[in-house]
Each structure stands twice: as structure tokens, then as C-alpha cells.
Amino acid sequence: MVHAVILAGGSGTRLWPLSRRQLPKQFLRIEGERSLLEATLDRLQPVVDAANALIVTGAEHARGEAYQALHDFQKLLEPVGRNTAPAIALAAAWLSRNGDDPVMVVLPADHVIRDRPAFHEALNRAISAAEDGALVTFGIRPTGPETGYGYIRAVTDGSAVAPVERFTEKPDLATAEGFLADGNYWWNSGMFVWKASSILAEVQRHLPEVHAVLERIRSEWVDAGGEDAQPAVEAHFDAMPSISIDYGVLERSDRVLLVPCDIGWSDVGSWDAVHDLAVQDEHGNALHGNALAIDCENTMVHGDRRLVAAVGVRDLCVVETADAILVAPRGQTQRVREVVDELSRRDAAECRLHLTVQRPWGSYTVLEDTPGYKMKRISVTPGASLSLQRHQHRSEHWIVVSGTATVTRGEDLFTVAPNESTYIPIGVRHRLENRGRIPLQIIEVQVGEYLEEDDIERFEDVYRRQ
């Protein structure tokens, strides 16, 4: 048995402003028509069937903007992020709860691999080694002295797998150049293969604090019959320490092997990486969306809504969305984290959400946001409904543009047709539903002293949001 464990957490900092905290890059279409998550699942086949995929992600993703992207998959939802070691240990425990001991192919959801046949060949080598009890990692042949990656030293000598000698975190430039000259250092891809029993034994040995929390979760799974993972996870997972699998286990284990590979890999870790992956013109320019470049070289322009025109610039990255524009020189796009850190310090909405926000029931778009009132366009898919809720600081006015709204307001239940409106006073329980066959479109005007999304008190919600 071979199962895929896809790590789909993350905070969406490195590809801001396209990526946001509530919709990070793994759920976006960075290359082609498939999201990075969808592409990750696609490339596993036929070595691993998509039906044997388990996605570990944040509860806020699965019950928020990424609901539709994750809806059809088996999932474990982390109530809080605790890095990769707790996530992987939790997945191993869940996959082995009925006495099974599958091989786990652990992959980040947000990488690009161009050479699928080479990936499958490396994957099969890793699976064979894992079946013998090894912890296997994939080493990527370095193409330059990259300081943004971790490194692994292993003397392969052309062998299919090789013992790992040491791990090194992101080095400075001089050290990276030395690694490149040495010839026995590989980029750490963050992709792993091992049996569930093998990684659980190493977690117990090297991370007893993770093991202790895991045992509490597993005991509740047994008591509950092993059918629903989430209640025990939500009760205990926040007690996990935050630690990576590399630092917590692999750097301390004597069972780690490396599969050397050249598979066209990228972790898409910056806008520079996106530029490198993109189709470029004869001058090295990469254009996406409503973009125009005249007399430019080595420049990326990513337009979302508005026309973005660049004239006479070199080595530049320009990314436009409806509410934010990033301008950075090539080679410094990793510093976008500094922007996100500052926006977080300000508690700015631009680091959390786009103006159009996906929800399990549809979406909303902020049309205007000023002190005292906010205007939204709300779209509810057929058969969907918002939670039964109330607000303490705002009233709402709803104007139906298309479709028919079924409205709960207090004890009343009624319909609102196109070109009709209704009013929801402050503090009144209410719900919006679309019981029709076409999308429901309404314009909502919120009026009040506080208009943020956390002024929602939910009483009933089919999507299990708090």
C-alpha cells in the first residue's frame, strides 16, 4: 500500500499579493490551468492513486477560501499550524489506525516538477528503499549557489540511493559556493518517503513531546471507533510543539537515505522563481494577464484586473491585484516577506484576504469600504446557505439582483425576488439561502461602527465554522 500525504498548510507570504494568508499559493494557478495542489496530485499517478491521497491542511483553509479546492479529498485539519513534524506524525498515525502500515509519499502541495517520468523513476526508487525501513528524502542537483534552500550531503557515486551524511540549513553565499564545488551536496526538496511505522518509531525516539500528544489523540480515535479524526485533533493538536521534520527527526536519525534526482523541480518560493518558470519572450520578459512590456528586459509583469504597462525597465517584477501592487527588482523578491510582516503589524486586510473572497457557499466582493459603511456583492451558489448568525455592531441591507433569496430574519422566513430588498437590524439572527437553480446575486450594504468579519456570531453552520 502506498499513500500520498500532501502538506497543504502555509501562510501565503512568499507570493504576496497574489497569495494571501487565507488563500496561500498551493490553491492558486501559478502555472497552467491547474492549481499547484491539483498538479501535485496529478503527477503522482499512476504510481500513487489519487484516491489514496490524504491532505493535511489548516482548518481555516478547509472551512474558508479553499473549501471547494479541498472538498473532495480525505483531510486532516490542523486547528493551528505546528510545522511539519506534528503534521506528518498525525498523518502516519491516522493511516495506520486500523493496523495498516502503508508507505507514505510526503509532498508539499506547492511545488512544481517539470519532468514527470524522471519523478516517477525517483519515486519508485524511494518506495523500494522505504519498504526496507529507510527514511528517504529527495535530493535535487543544485544548478547554482542558492542561499534560499537547505542542503544535504550524500556521496551518491551514481547509486540509486545513498546514506545522508549531514543536513545544512540555508547557507550564506560563500558556503553555498563551497557546497557547489564539493559536488556531493544536494538541495533539500522537502519531499519524503517512508513507512508509517518507520516515521512513528523515529518520532517516538527523537520527539517524545510530539509522541505524547499523538498518543492522546490516538486513544480518543480508538474510543470513538476511528471514523472521525477531527474531534480529537481539535482537542489536543495545539499542545504539539512547533518543529520541522528535518530538524526534529531527520537530522538526528541514522536511517536516512537520499535519492538523487534531476526532475525539473522548483519550490516556487519567490516571484523570481515564478519568472524563471514562466514562458518568456526573446528579451526575457514574462507577461501574465492584462500586461504590456515595451523596450523591457528580464522583467515580469503580472496583471490581474487593470492594464499594467511597463516601458523601458530592466530586471523588474511587477504584480498587480485588485487591492495591491508589488514592485521589486529581480533578485530581491524574497523580501516580500518584509512587506507581509509590516502589513501584519498593521493588521491590514491586504495580507489576509483579497477583495473577492471565496466562501464554502459562494463568494463576496468588497465594492467599497469606508468608515461607517461597507458595500459587498454576494454570490450564493444554488443549494447553498450562509450560517445562521447575528452581528452586534452592524445592520445589513440586502438588494437582490438575480435569483431568489430565502431569508431567515428572527422568527420569520420569507423570499426576496430580484429588484426587491430587505433589512437585517443589529442583533437579529438571520440567514441567507439560495434554494433556486441559478446563482443568487445580492448587493449588501453594511452600516455600523465596526464592520470586520469577526463580528459574526454563528449559531448553525453546515461547514462547521466557528
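Quick note: structure is the one above.
What comes next concerns the included structure. If you're wondering where the values come from, they're calculated on a predicted model, not measured in any experiment. (Residues numbered from 1 in each chain as written. Predicted model: local features only at pLDDT ≥ 70, side-chain atom pairs only at ≥ 80, totals over all residues. Heavy atoms only, no water.)

**Focus: the layout of surface pockets**
At step 1: Taken as a whole, the largest pocket holds about 1500 Å³ of empty space.
At step 2: Those elements that provide at least two residues to the lining of the largest pocket are strand 2 (53-58), helix 2 (59-62), helix 4 (84-95), strand 9 (166-168), strand 10 (185-195) and helix 10 (245-250).
At step 3: For the lining of the largest pocket, the element with the highest residue contribution is strand 10, accounting for four residues.
At step 4: Classifying every residue of the lining of the largest pocket by side-chain character gives 17 nonpolar, 21 polar and 12 charged.
At step 5: In this structure, the second largest pocket encloses a volume near 1200 Å³.
At step 6: What lines the second largest pocket is a set of 46 residues, and nearest its centre among them are Gln22, Leu353, Arg359, Glu453 and Asp454.
At step 7: Listed by contribution, the elements that provide at least two residues to the lining of the second largest pocket are helix 2, strand 19 (356-359), strand 20 (362-370), strand 21 (373-380), strand 23 (394-402), strand 27 (430-433) and strand 28 (440-448).
At step 8: Looking at the lining of the second largest pocket residue by residue, the class counts come to 15 nonpolar, nine polar and 22 charged. (1 Å grid on protein atoms, 1.4 Å probe; cavity = no way out; pocket = protein on both sides within 12 Å on 5 of 7 lines; lining within 4 Å. Points joined across faces, edges and corners; volume = space filled by probe spheres on them. Helix = DSSP H or I, 4+ residues; strand = E, 2+ residues; numbered from the N terminus. Nonpolar A, V, L, I, M, F, W, Y, C, P; charged D, E, K, R; others polar.)

**Quick look at the nonpolar core**
At step 1: One finds Ile6, Leu44, Val105, Phe138, Val193 and Trp271 to be the most contacted residues of the largest nonpolar core, which totals 67 residues.
At step 2: Broken down by element, the residue count for this core peaks at seven residues, all from helix 5 (residues 116-131).
At step 3: Listed in part, the 47 residues of the second largest apolar core include Val5, Leu95, Leu214 and Ile217. (Core = buried A, V, L, I, M, F, W, Y, C linked by side-chain atoms within 4.5 Å. Buried < 20%, exposed > 50% of the residue type's maximum accessible area, 1.4 Å probe, protein only.)

**Quick notes on the sheet that holds strand 18 (residues 325-329)**
At step 1: Read from one edge of the open sheet, four strands run 13-15-17-18, paired in mixed fashion. Where the open sheet ends on each side, the last strands, each with one partner, are strand 13 (286-288) and strand 18. Averaged over all adjacent pairs, the angle separating strand axes in this sheet is 5°, with direction ignored.
At step 2: Where strand 15 (residues 300-302) meets strand 17 (residues 316-320), three bridges bridge the pair, whose relative direction is parallel. (Pairing = 2+ DSSP bridges. Axes fitted to C-alpha atoms, helices over the stretch in contact; angles between N-to-C directions.)

**Quick notes on unusual backbone geometry**
A negative phi holds for most residues other than glycine; trans holds for most peptide bonds.
At step 1: For the bond from tryptophan 16 to proline 17, the omega torsion is 10°, close enough to zero to count as cis.
At step 2: If you trace the backbone, proline 17 turns up in the loop between strand 1 (2-7) and helix 1 (36-44).
At step 3: Residue proline 46 is reached from glutamine 45 by a cis peptide bond, and omega for that bond is 5°.
At step 4: Positionally, proline 46 belongs in the loop between helix 1 and strand 2.
At step 5: Although it is not a glycine, asparagine 83 sits at a positive phi angle of roughly 70°.
At step 6: As for its placement among the helices and strands, asparagine 83 is situated in the loop between strand 3 (74-78) and helix 4.
At step 7: When its relative accessible area of 40% is taken as the criterion, asparagine 83 is described as partly exposed.

Everything listed here is a matter of geometry and, on its own, says nothing about what the molecule does.
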